[in-house]
Amino acid sequence: MKQRIRLYQQPAGGWGALKSSLQHLREQQVAGLGLPTLLRTNQPDGFDCPGCAWPDKQHHSTFEFCENGVKAVAAEATSRRLTADYLGQHSVSRLAELDDHALEALGRLTEPLRYDADTDCYLPVSWDAAFALIGRHLQALASPHEAAFYTSGRTSNEAAFLYQLFVREFGTNNLPDCSNMCHEPSGVAMGEQLGIGKGTVTLDDFELAEAIFIFGQNPGTNHPRMLETLRDAARRGCRIVVFNPLRERGLERFTHPQDAWQMLSGGSTEIASAYYPLRIGGDLAAVKGMLKALLEQGYGDQAFITDHTSGHAELVRDITDTSWPALVEESGLSEQQLREAAAIYAGSRATICTWGMGITQHKHSVATIQMIGNLLLLGGHVGRPGAGACPVRGHSNVQGDRTMGINEKPTAAFLDRLGQAFGFAPPRAPGYDVVGSIEAMLAGKVKVFLALGGNFAAATPDTALTWQALRQCDLTVHITTKLNRSHLVHGREALILPCLGRTEIDLQASGPQAVTVEDSMSMVHASQGMNPPASPQLLAEPMIVARMAVATLPQSKTPWLWLVQDYSRIRDKIAEVVEGFAGFNQRVQAPGGFYLGNSAREQRWRTDGGRARFMVHALPVRPAEPTGETLFTLMTVRAHDQYNTTIYGLDDRYRGVSGHRRVCFINRNDMQRLQLQAGQWVDITSVWHDGERVAKRFLLVEYDIPSGCLASYFPETNTLLPLGSYADRARTPTAKSIRVRLSPSEAA
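Model, not experiment: these values are computed from the prediction. Every chain's residues receive numbers from 1 upward, in the order its sequence appears when written. The predicted nature of this model means local features are confined to residues of pLDDT at least 70 and side-chain atom pairs, given and counted, to a pLDDT of 80 or more, with totals for whole chains, interfaces and linings taken over all residues. Heavy atoms from the whole structure form the basis of all side-chain values; hydrogens and water molecules are not counted.

Thoughts on the overall build of the protein
Condition: What counts as a helix is a DSSP run of H or I of at least four residues, what counts as a strand is a run of E of at least two, and both are numbered from the N terminus. Radius of gyration means the value over C-alpha atoms here, while the globule rule gives 2.2 Å times the residue count to the 0.38 power. Burial status follows relative accessibility: with a 1.4 Å probe on protein chains alone, a residue under 20% of its type maximum counts as buried, one over 50% as exposed, and anything between as partly exposed. Whether two residues are in contact is decided by their heavy atoms: any pair within 4.5 Å suffices. Only the protein chains shown count as covering a residue, and every accessible area follows the Shrake-Rupley method with a 1.4 Å probe. Note on charges: Lys and Arg go in the positive column, Asp and Glu in the negative column, and His and the chain ends are not counted at all. A charge is said to be at NZ when it belongs to Lys, at CZ for Arg, at CG for Asp and at CD for Glu.
Tallying secondary structure elements over the protein gives 29 helices and 33 strands in all. Relative to the 2.2 N^0.38 estimate, which gives 27 Å for 748 residues, the radius of gyration of the protein is 25 Å and therefore close to what a compact globule would have. On the principal axes, the C-alpha backbone points of the protein span a range of 70 × 60 × 55 Å. The buried share of the protein, taken over its 748 residues, is 63%. Across the protein, the fraction of contacts at a sequence separation of at least 24, relative to all contacts at a separation of at least 6, is 78%. As presented, the protein carries roughly 26600 Å² of accessible surface, and 51% of it is formed by carbon and sulfur atoms. Separation of charge centres in the protein, based on 72 positive and 77 negative side chains, amounts to 1 Å.

Quick notes on helix α24 (residues 463-471)
An α-helix turns once per 3.6 residues; consequently, residues spaced three or four apart project the same way. Definition in use: The arc in question is traced by the directions running from the helix axis to the C-beta atoms.
Buried residues of α24: Thr463, Thr466, Ala469 and Leu470, and no others. Seen end-on, α24 carries its buried residues on one side only, within an arc spanning 125 degrees.

Digging into the sheet that holds strand β9 (residues 239-243)
Quick reminder of the rule: By this definition, two strands are paired if DSSP reports at least two bridges between them. Fitting a line to C-alpha atoms yields each axis, with helices limited to the stretch in contact; the angle taken between N-to-C directions then spans 0 to 180 degrees.
The sheet built from 5 strands is open, its strands ordered β12-β9-β8-β14-β15 with parallel pairing. The strands lining the two open edges of the sheet, one partner per strand, are β12 (274-276) and β15 (388-391). Taken over all neighbouring pairs, the strand axes of this sheet differ in orientation by 15 degrees on average, direction set aside. Pairing of strand β8 (residues 211-215) with β9 involves 5 bridges; the strand directions are parallel. Bridge pairing links phenylalanine 215 to phenylalanine 243 in β9. Helix-sheet contacts for helix α19 (residues 365-378) involve β8, β14 (351-355) and β15, and the interaxial angle to β14 is about 170 degrees.

Things to note about the environment of arginine 655
As a reminder of what qualifies: Polar contacts here mean pairs of N or O atoms no more than 3.5 Å apart (in protein, one a potential hydrogen donor and the other a potential acceptor; neighbouring residues in sequence count only if both atoms are side-chain atoms).
Structurally, arginine 655 is set in the loop between β27 (646-647) and β28 (657-658). Exposure remark for arginine 655: the relative accessible area of 5% places this residue in the buried category. With 648 residues separating them in the primary sequence, arginine 655 and leucine 7 have C-alpha atoms 6.8 Å apart. Setting aside its immediate chain neighbours within four residues, arginine 655 contacts Asn218, Leu246, Glu248, Val637, Arg638, Ala639, Phe665, Tyr703 and Tyr713. A polar contact of 2.8 Å, which involves the side chain of arginine 655, links it to the side chain of aspartate 652.

Looking at the nonpolar core
Stated precisely, the cut-off is as follows: Definition used in this section: a nonpolar core is a set of buried Ala, Val, Leu, Ile, Met, Phe, Trp, Tyr and Cys residues joined via side-chain atoms within 4.5 Å.
Ranked by size, the top nonpolar core spans 63 residues in total, and within it Phe149, Phe166, Leu497 and Met548 carry the most contacts. With 8 residues, the single largest contributor to this core is helix α8 (residues 157-170). Once you skip the residues sitting within four places of it in the chain, phenylalanine 149 turns out to touch Leu138, Tyr163, Phe166, Val167, Phe170, Thr172, Asn174, Leu175, Pro176 and Leu450. Counting 54 residues, the second largest nonpolar core, distinct from the first, contains Ala189, Ile196, Ala293 and Val382.

Comments concerning unusual backbone geometry
Residue phenylalanine 714 is joined to proline 715 through a cis peptide bond whose omega torsion reads 10 degrees. Assignment of secondary structure puts proline 715 in the loop between β32 (709-713) and β33 (738-744). Despite not being glycine, serine 522 shows a phi value in the positive range, around 70 degrees. With respect to the secondary-structure elements, serine 522 resides in the loop between β21 (515-518) and β22 (523-527).

Focus on the pattern of salt bridges
To keep things clear, this is the line we draw: Any Lys or Arg side-chain nitrogen located within 4 Å of an Asp or Glu carboxyl oxygen qualifies as a salt bridge.
Taken as a whole and assessed by the stated rule, the structure comprises 44 salt bridges. Note that arginine 731 and glutamate 439 form a salt bridge whose closest N and O atoms lie 3.7 Å from each other. Taken together, the residues arginine 731 in the loop between β32 and β33 and glutamate 439 in helix α22 (residues 434-442) connect sequence positions 292 residues apart. Overall, the relative accessible area of 26% leaves arginine 731 in the partly exposed class. Taken together, the shared-partner salt bridges connect Arg231, Asp232, Arg235 and Asp259 into one network.

Comments concerning α8
Under the convention used in this document: Expected span, for any helix, means 1.5 Å times one less than how many residues it has.
For α8, built from 14 residues, the straight-helix expectation of 20 Å at 1.5 Å per residue is met to within 8% by its first-to-last C-alpha distance of 20 Å. Of all 14 residues in α8, 14 are buried; the element is thus mostly enclosed. One or two steps after α8, the chain reaches glycine 171, where phi turns positive at roughly 120 degrees.

Structural notes on the packing of helix α1 (residues 14-27) against helix α3 (residues 67-77)
Worth spelling out the cut-off: Note on angle classes: values under 35 degrees are labelled roughly parallel, values over 145 roughly antiparallel, values of 65 to 115 roughly perpendicular, and the remainder oblique. Under the scheme applied, nonpolar residues are Ala, Val, Leu, Ile, Met, Phe, Trp, Tyr, Cys and Pro; charged residues are Asp, Glu, Lys and Arg; polar residues are all the others, including Gly.
It is the contact of α1 with α3, at a shortest axis distance of 9 Å, that shows an interaxial angle of 0 degrees. The orientation of α1 relative to α3 falls into the category roughly parallel. Counting all contacts with α1, which are made through Ala17, Ser20, Ser21, His24 and Leu25, the residues of α3 involved are Glu67, Val70, Lys71 and Ala74. Taken together, the residues that form the contact of α1 with α3 break down as 4 nonpolar, 3 polar and 2 charged.

Rendered as structure tokens:
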């Protein structure tokens, strides 16, 4: 693997994206399946991309995929197979020495596996024996609350609904999920402020917006199809304003790979009209500064404020009492920059504010999102065409899973409908979220951990503690398509249950089945695979859930196996239980699916008091620097060749990194101040009240990032994030604001 650090000067997309896509198809040896599979990606008669949750536009083209979508599809449709013979010859200890990229490259799992302590290997097990083992362990628990059931955002609506039903019939709400680690603050903040925890815009609104404000987001890597939407907006004159600590190429210039003229001419589209590289975590102060500038000018949609909101006077008093020097110091931007951004906002009649995990993974994330909500409400930009709030979710169905009831704190109304539909009394006590599940495992309160997808051991904070927690379990079970780090950090007994992927034919008793997903903008649509399964021994996720339920709940009234014979039966039950899904089976047959609707978009405020709420929040107080020590704020980020914890390759093209993952991006002046230099190896130590955590041997890379700020890839730096450092009121780990220091590395 060629290792190189070199400034990337080309636009995002373009020939680089095309070359990378072809390279990944070749590496995964998808052969004849490659192009036909890609042409069915995000099509009405095809399957939903297993990558991000960016919505699909009206289908005018057969090419509805991006570079990262190609990587996700190629990784799933790969011809590589990880057989039981291979695993029987390679111990877990030996496999654990491989990095995450090497584990991903081993290929698709082909049969169910059980950990054998005598050989330290995963060996074949029959499906019947695997389900019987799960049933015995769960039935032997002193309380249902001694088990935790994790869910990944790739899980379909049908599987997620059955899964939460199984867990609640078992008797607990211990349903931690990936939302706990990414967009939980968005749901908490918007639910309280607007009455619904989902974005209020649709893709059509981006065609009408006059200004788009982007906070803490890198669409070029995390959801590249958004770049096409931003490109179209920029071309028609929409002002795009970016607040982001790092200079990200996808937010600066983009060449659409399907634009023949741009590709042949070397042209590109400038995305950002204004780019403000604020201090990490400075977004709340930046938005507050914009509000101060606007209020000083007497700006505000007074009719909207009077008719639809409460708390305006309190917000005005708080903003008035907040000084410009404090806003400048905390945001890392000048007063002039904040006034410039406010002027762009004031000049727009239709404004969208969109954000990602650069906003949600902070201690003050809920407050920041509500300050963004204040900005939208001040101008009446909620429930107006071309305007609204747009939190961009990660995995393709992370929003749908939450809609289906994957929630450790379900509403009473949802539980009432669930109990009535299935004839049982659901548990009412809140369950464990991700952080709570790890704490409970460490305390011996959770003894069985079951994961429907995902890579829990790699995605979670405080790696050493999380791994200790998992290893204390009596049983760990993972439903997955490929081997990952979590399967090598196992309980005393462990199972790996291989499932079908999104691209594969799901054949049940009534014939081939389609599943459904919900994107970031509340569109629900069908997804049906086209490729033969990677192995005849794979089961679909709904079938795995149903058979676990049968093995665990012999007295259940639910006809589990009948439901999974035809997924339309599951959807009929969803229609009974989940708000907005009446007529589910009929509505989802429409090309492109159907829109769930959004009460805030309709200016119906399901809040306490029945109005949208202006929310007052003080500026965050940054911790004082220890005497004689230089501390930085580290944010964890994805490389371009990864999606969440899935590592497709070792390059980060747009940041100029090739063949490396253990890198640390740093400002030139900070290096000089510490007498360090680019290309030097350093150790990163996080500082927390309970002690220090160290990540060794990271390569310093000079980058355009504000002084005092660092960036590095996860999951390699998750070990630095303390388990007890999480968002106020949302408990999302603060992966974008880790206090650290640097020291020259002595590691070989």
